[in-house]
Amino acid sequence: MNSISAGRVHLSTRNALARVTQRSTGRVLIVHRNYHDESFGFRKARDFTIPDYTSDQLTNRATNAPLLRYADSLRTHGHRAASIDPLDLLRRERVAALDPLRYGLDDPDRTFDIDGIIWTGEGHQEWTLENITSFLNSVYVGRIAYEYMDLPSKTERLWFAKLLESQGALEPTTTINADKRKNIHALLAKSEVLDNFLQVKFPNLKRYGLEGGESMLPALDALFEAASKAGINQLILAMPHRGRLNLLTGLLEYSPTSLFHKIKGGCEVDESLGVSGDVLSHLVASPTLHYGEADGIKVSLLPNPSHLEAVSPVALGKARAKQYRLLKTLSNGKNDQDCMLGDKVMCVQLHGDASFTGQGVVMETLGLSGLPHFTSGGSVHIVVNNNIGYTTPASSARSSFYCSDIAKMINCPVLHVNGDCPEDVVRAVDIAFKYRNHFRKDIVIDLIVYRRWGHNELDEPAFTQPLMYEKIRSRSSVPKLYEDKLVSDGVISVEAARAVRDSYKASLNAALNDVASYVPPPMSFEGAWKGMVWPASPSARQDKTGVSRAVLSEVGKASVHVPEEFEIHPRLNRHVKNRLRSIESGEGVDWASAEAMAFGSLMLEGCDVRIAGQDVGRGTFSHRHAMLVDQKTEGVVVPLNHALTEAKGKLELANSSLSEMAVLGFEYGASWERPDLLPIWEAQFGDFFNGAQVIIDTFIASSETKWLKQSGIVLLLPHGLDGAGPEHSSCRIERMLQLTNDSYVAQEKSNINMHVVFPTTPAQYFHLLRRQIKRNYRKPLIVAAPKGLLRLPAASSKLTEMGPGTTFQPVLQDMATLADPKAVQRIVLLSGKIYYDLAKERATRNLQSRVALIRIEELAPFPFAALNEALAPYANANKQLEVLWVQEEPRNQGAWGHVQERVEEVLKGLGMNGGVAYRGRKEDAVSAPGTGKLYGAQQLAVIESAFQGL
């Protein structure tokens, strides 16, 4: 599409950026918006068409319009009368729309030409109304029910009708051979044996068994097989707790001995690593499964927290990241058809009925599924529908009829299937996979089952659902019903069925006996993580982050390179000139320039960069402009991608939906998959991070400790009190610090769970970003990012501060006072943007030699050694010096609660026993006042308090 030579991008025509047509007047241009089409990583869904009706078919449809209405009514409303509920708890009224009399069709013997009305694949056929009624009811009012007629795409509606009606009302036994039926039986039987075994051996265990929902296993087995035979070799699986142990041991080759070791109180990982592990219902496995002659398919079951559905966007992000190399095929000159997301990787998400409708992250994740920078090529969703959530019945858990109705927000087809009928479940999975693989879009299977016990096996569900559980306790189990059917059909003998159960029970007993000698396997780094190390290991290291002047200059210029025939907004000319001027002079480098140089230098080293969030291309504060938009066509260019012709890395700017939790979860999932990616999530304002608090708490802050999962995710959280009010001022630094495992005393070697920083210069930010990649391990980085400092001349850097030999400094010394430490009367410790307010006030009061302003740039891990080094000259001169901590945040917020004891630990080590005193706002229920005058008065008081008495 583009030709790149000698560092200059030539766009052959603006039509490469947008399709423009002109009205006959020759004056008015009609632009067909294709915003972001030129941005790396943008992938639109493929367009599909099915041949339209022939003229004969259209004539026949018009001639037999009543029959057409009747057929479409069955397609539309058949699900309302289908036999899909094992307990028959769904309240169903007679569906008048399914009665042929409603359409004037009253003669069962009347014949009709069904061509173009019913899709048997046979063309012109004459059927009686009775035959038509019987056929359509067998297809649409059976044990599988379909909702696809509300899809806006005629192509998709026709695809479903032709597939379902050409197959007709085939009984599963005609498509599922005896061997597959035996395999289904084995999966069901072993699941039941495991649950019974655990109940007997560990009667007080909360195992969240699968009893009542065993059909989930043949569903997943069928899905894995279909995916494998279609050429998919990686499957990312997210699921909650129910049935997890059954899936692990029944399909995912998880060692029962390891399971029993965990149940008996053992750790699932090497305890010498100093980690805590997680609970039984969060265990994981990643086996490579083989189906026939197809290549193996690796199924990766992700660890998950107890917060239901939180893992769903993580799975989506990991699945897309696995396909990242496909996103580069266009830049290698290949055809777009070689770059189909979903060819080799598929995301599968399991849900519970109550959480699918109740948890907002489901809606957020569904909203990402079709977005060009977030789609993974279609997910298969399976809702294991118990018709109850804990003790809440469906009637109190949702406002919709079906739990799957939430998926209609993305025009997603839904298949409802009776979990009592495993073969129908397998057929539903086959249909769902065919749709996903053809259209590369999401589809939902509503697997309607029941829960034999309460929320866990120790609950008594009849306290709140006596009638439901009277039904459940009076019926045979799903495995037993299916076993009886196979025996009746002559597929398996009673003895063979018993042997399956007895053999598996014997293997479980043997595994239990092996627990005493079991040792968890050692941790290893494989695949993309090969070469990485455990962060606390002696071999953990950090390479240099400084970059040569030549590279900085090359990248800086490339970041504002404007292609020929490309018209940027006139106001951006100043942006371009200022950046080029700072690069030429080597001074006045602002934050956006430093960021661009960090990105570009990493790209030249082969690292990819992805930044996601609302407005990330331009930047919330109109400072980044990492993408340029043509003012005539709305075509987009990302200068770093187009102008850095030698770079193997790419920059993906993923302007996201207005979501925090799902988008951050998505980026976090990508960070699990690719240590060679710098993944960044930027909040529009730092205050909005709390919409993603679950991801931060249960994944970012704790996954290394729970699951040995490292992540290099970066959170950019714009922070700073500037009069913008309670929700546009604070990223709640105190919460981030509280989530760290930062030591209260200096340690020679510590393993912090995540870094929390509040940098005050662009150079510091530059080094922080590069540090994320220039280590042989990964850690999350939380950045209290700038707002007002973005354009503050005093808060700029020199290129030499990013050059060879330079690095991030956790503490910035006050160089102005070092010449004569004895003259210093007060030390002010601080973090963040208030430094520039204090420095200005100090100069106004002519106190440059008497007050030392020392910036703590990295709050966690707390820089004991660096702070000790910074304070030592003053302590040697006067151990009675007054030491203050000054912050603009209220006293119960900000860094004060984190730094107080740690600062005093450093002071004691220096013989300065006076402690550290607080100066700043008093305690408050909000992060900042909403009244301008009050903010101004408070801010002035904070600044003056730092110099009071001098």
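Computed from a predicted model, the values in this text were never measured in an experiment.

*Asks:* What's the story with the overall build of the protein chain in this structure? I'm lost.
*Replies:* Helix and strand content of the protein chain: 30 helices and 30 strands. Whereas a compact globule of 950 residues would reach a radius of gyration of roughly 30 Å, the protein chain reaches 32 Å, a difference of no more than 12%. For the protein chain, the spread of C-alpha atoms along the three principal axes comes to 105 × 85 × 55 Å. Considering the protein chain as a whole, with its 950 residues, one finds that 59% of them fall into the buried category. If you sum the accessible surface of the protein chain, you get close to 38000 Å²; carbon and sulfur atoms cover 49% of it. Across the protein chain, the mean location of the 106 positive side-chain charges is 5 Å away from that of the 107 negative side-chain charges.

*Asks:* Help me out: how do you make sense of the side chain of Asp-608 in this one?
*Replies:* Secondary-structure assignment places Asp-608 in strand β17 (residues 608–613). Taking the relative accessible area as the measure of exposure, Asp-608 reaches 2% and is therefore buried. A polar side-chain atom of Asp-608 sits 2.7 Å from a polar atom in the side chain of Arg-674.

*Asks:* Where do I start with the sheet that holds strand β26 (residues 826–830) in this structure?
*Replies:* An order of β25-β27-β26-β29-β30 is seen for the 5 strands of this open sheet, with the pairing classed as mixed. Unpaired on one side and paired on the other, β25 (811–812) and β30 (917–921) mark the two borders of the sheet. Examined bridge by bridge, β26 and strand β29 (residues 882–890) share 4 bridges and lie parallel to one another. Note that in β29 the partner of Val-828 across the bridge is Leu-884. Of the strands in this sheet, β26, β29 and β30 are in contact with helix α29 (residues 896–909), which crosses β29 at around 170°.

*Asks:* Looking at this structure, how should I read the pattern of salt bridges?
*Replies:* A side chain of one charge can pair with a side chain of the opposite charge if their charged atoms are brought near each other. Overall, the coordinates contain 45 salt bridges when judged by the stated rule. Asp-489 is paired through a salt bridge with Lys-485; the nearest N and O atoms lie 3.6 Å apart. Of this pair, Asp-489 and Lys-485 both sit in helix α15 (residues 478–489), 4 residues apart, roughly one helical turn. Residue Asp-489 is classed as partly exposed on the basis of its relative accessible area, which comes to 39%.

*Asks:* Honestly, the environment of Thr-817 in this entry has me stumped. Any pointers?
*Replies:* Structurally, Thr-817 can be placed in helix α26 (residues 815–818). The exposure class of Thr-817 is buried, given its relative accessible area of 1%. When the C-alpha positions of Thr-817 and Arg-850 are compared, they lie 7.5 Å apart, and in sequence the two are 33 residues distant. If we skip the residues at most four places from it in the chain, Thr-817 touches Val-824, Arg-842, Gln-848, Ser-849, Val-851, Ala-852 and Tyr-874. At 2.6 Å, the side chain of Thr-817 and the side chain of Tyr-874 are in polar contact.

Cut-off values and rules
Per chain, residue numbering runs from 1 following the sequence as it is written. Local features in this predicted model are restricted to residues whose pLDDT is 70 or higher, and side-chain atom pairs enter the listing and the counts only when it is 80 or higher, whereas totals over whole chains, interfaces and linings include all residues. As a rule here, side-chain values come from all non-hydrogen atoms in the structure, and water together with hydrogens is ignored. For the purposes of this entry, the term helix denotes a DSSP run of H or I that reaches at least four residues, the term strand denotes a run of E that reaches at least two, and both are numbered from the N terminus. In this setup the radius of gyration rests on C-alpha atoms only. A globule is expected at 2.2 Å times the number of residues raised to 0.38. Using a 1.4 Å probe on the protein chains alone, a residue whose accessible area is under 20% of its type maximum counts as buried, one over 50% counts as exposed, and one in between counts as partly exposed. Computed with the Shrake-Rupley method and a 1.4 Å probe, the accessible areas treat only the protein chains shown as cover for residues. Only four residue types enter the charge count, namely Lys and Arg as positive and Asp and Glu as negative; His and the chain termini do not. We put the charge of a Lys on NZ, of an Arg on CZ, of an Asp on CG and of a Glu on CD. Here a polar contact is recorded for every N or O atom pair within 3.5 Å, except that within protein the pair must consist of a potential hydrogen donor and a potential acceptor, and residues adjacent in sequence are included only if both atoms are side-chain atoms. At least two bridges found by DSSP between two strands is the condition for calling them paired. Contacts are residue-level and defined by heavy atoms, with any inter-residue pair within 4.5 Å sufficient. Geometry is summarised by axes, namely lines fitted to C-alpha atoms with helices restricted to the contacting stretch, and by angles between N-to-C directions that run from 0 to 180 degrees. Salt bridge, as applied in this entry: a Lys or Arg side-chain nitrogen positioned within 4 Å of an Asp or Glu carboxyl oxygen.

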